[in-house]
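# Analysis of the macromolecular model
The residues making up each chain are set out below.
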Amino acid sequence: MNDEQLQQLSHRIGEQLKRRQATVTAAESCTGGWIAKVFTDISGSSAWFERGFVTYSNEAKQQMVGVQDTTLQQHGAVSEQTVREMATGAAKAAAAEYAIAVSGIAGPEGGTPDKPVGTVWFAIVGPEGRVLAQRQIFAGDRDAVRRQSVAWALQTLLDEFLIN
């Protein structure tokens, strides 16, 4: 998905959020603020996106969005449990109805047999505590993995939470 397509997707998300008078936040690790960038590329996005969190280190995940040390010790940063805590913690910290959390291994180093390069965990939370958590494995270089992660997160937020 190219930059223009990401902006179109972000615009559609914004329209749906405005219709609901709701806001979204993001807790990003491997995407490094790219979701926040795509949101803020849209003029007027302050109506539905107030803040995001770049939580690249484990310490940042704990301090900014309330991930528990025991979760990181037992499951690692790239895990369903961690992204669930990231998303719920970000939603609470930002007082947002929706939150996206992303944590993965964009490469080229850092992969393991259990979690190869390209492994990315996502969690999206919505109203009434609904949580969708899913793992994806993307191919390509670091930029490709990160771009695919942003696209997947935004498309899933739109399809699973905002269009009904």
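The numbering scheme is per chain: residues are counted from 1 as the chain's sequence reads. Given that this is a predicted model, residues contribute local features only at a pLDDT of at least 70 and side-chain atom pairs are listed and counted only at 80 or more, while totals for whole chains, interfaces and linings are drawn from all residues. No hydrogens and no water enter the side-chain calculation; it runs on all heavy atoms of the structure.

## A look at the overall build of the chain
Applied cut-off: A helix here means a DSSP run of H or I that spans at least four residues, while a strand means a run of E at least two residues long, and both kinds are numbered starting from the N terminus. Residue exposure (1.4 Å probe, protein chains only): buried if accessible area is under 20% of the type maximum, exposed if over 50%, otherwise partly exposed. The contact rule is simple, with two residues in contact once any of their heavy atoms fall within 4.5 Å.
Each helix and strand counted, the chain has six helices and five strands in total. Listed N to C, the secondary structure of the chain is α-β-α-β-α-α-α-β-β-β-α in terms of helices and strands. Seen through its principal axes, the chain has C-alpha atoms that stretch 45 × 30 × 25 Å. The 164 residues of the chain split such that 50% are buried. Sequence separation of at least 24 residues holds for 64% of the intrachain contacts in the chain that already meet a minimum separation of 6.

## A closer look at the sheet that holds strand 4 (residues 119-125)
Quick reminder of the rule: Strands qualify as paired when DSSP identifies two bridges or more between them. Each axis is a line fitted through C-alpha atoms, and for a helix only the stretch in contact is used; angles between axes span 0 to 180 degrees, taken between their N-to-C directions.
Taken in spatial order, the five strands line up as 2-1-3-4-5 in an open sheet, and their pairing is mixed. Pairing within the sheet leaves two strands with one partner each, and these edge strands are strand 2 (53-54) and strand 5 (131-137). Relative to strand 2, strand 1 (residues 24-28) runs parallel, the two being bridged by two bridges. Across the sheet, the residue bridging to Glu-28 is Val-54, located in strand 2. Relative to the sheet, helix 5 (residues 80-94) contacts strand 1, strand 2, strand 3 (98-104), strand 4 and strand 5, its axis offset from that of strand 3 by approximately 145 degrees. Of the strands in this sheet, strand 1, strand 3, strand 4 and strand 5 are in contact with helix 6 (residues 142-162), which crosses strand 4 at around 30 degrees.

## Topic: the pattern of salt bridges
So the rule is basically this: Whenever a carboxyl oxygen of Asp or Glu lies within 4 Å of a side-chain nitrogen of Lys or Arg, that contact is scored as a salt bridge.
A complete count under the given rule lists six salt bridges for this structure. Where Arg-51 meets Glu-50, a salt bridge forms, and the shortest distance between an N and an O atom there is 2.5 Å. For Arg-51, a relative accessible area of 35% gives the class partly exposed. The exposure class assigned to Glu-50 is exposed, which follows from its relative accessible area of 56%.

## Here's the deal with unusual backbone geometry
Between Gly-107 and Pro-108 the backbone carries a cis peptide bond, its omega angle lying at 0 degrees. The phi angle at Gln-21 is positive, at roughly 55 degrees, despite the residue not being glycine. In this structure, Gln-21 sits in the loop between helix 1 (3-20) and strand 1. For Gln-21, a relative accessible area of 72% translates into the label exposed. Of note, the phi angle at Glu-128 is positive, near 60 degrees, even though the residue is not glycine. Residue position: Glu-128 is located in the loop between strand 4 and strand 5. Exposure remark for Glu-128: the relative accessible area of 80% places this residue in the exposed category.

## Considering the packing of aromatic side chains
We count it as follows: Geometry of aromatic contacts follows a simple scheme: Phe, Tyr and Trp rings, the Trp one being its six-membered ring, pair when their centres are within 6.5 Å, and the pair is stacked under 30 degrees between planes, edge-to-face over 60, tilted otherwise. For a Lys NZ or an Arg CZ to count as sitting over a ring, it must be within 6 Å of the ring centre and within 35 degrees of the ring normal.
For the coordinates displayed, the defined rule picks out five aromatic pairs. Between Phe-39 and Trp-48, the aromatic rings sit 5.3 Å apart at their centres with planes inclined by 80 degrees, giving edge-to-face as the arrangement. Here Phe-39 and Trp-48 have matching classes, each one buried. Ring geometry for Phe-122 and Phe-138: centres 6.3 Å apart, planes at 80 degrees, overall edge-to-face. Taken together, the residues span a long stretch of sequence, with Phe-122 in strand 4 and Phe-138 in the loop between strand 5 and helix 6 at a distance of 16 residues. With respect to class, Phe-122 is no different from Phe-138; both count as buried. In textbook terms, an aromatic cluster arises when at least three aromatic residues are bridged by ring pairs, as seen for Phe-39, Trp-48 and Phe-49. Across the ring face of Phe-161, the terminal group of Arg-130 is positioned such that the distance to the ring centre comes to 4.1 Å.

So far we have only geometry, and geometry alone does not tell us how the molecule works.
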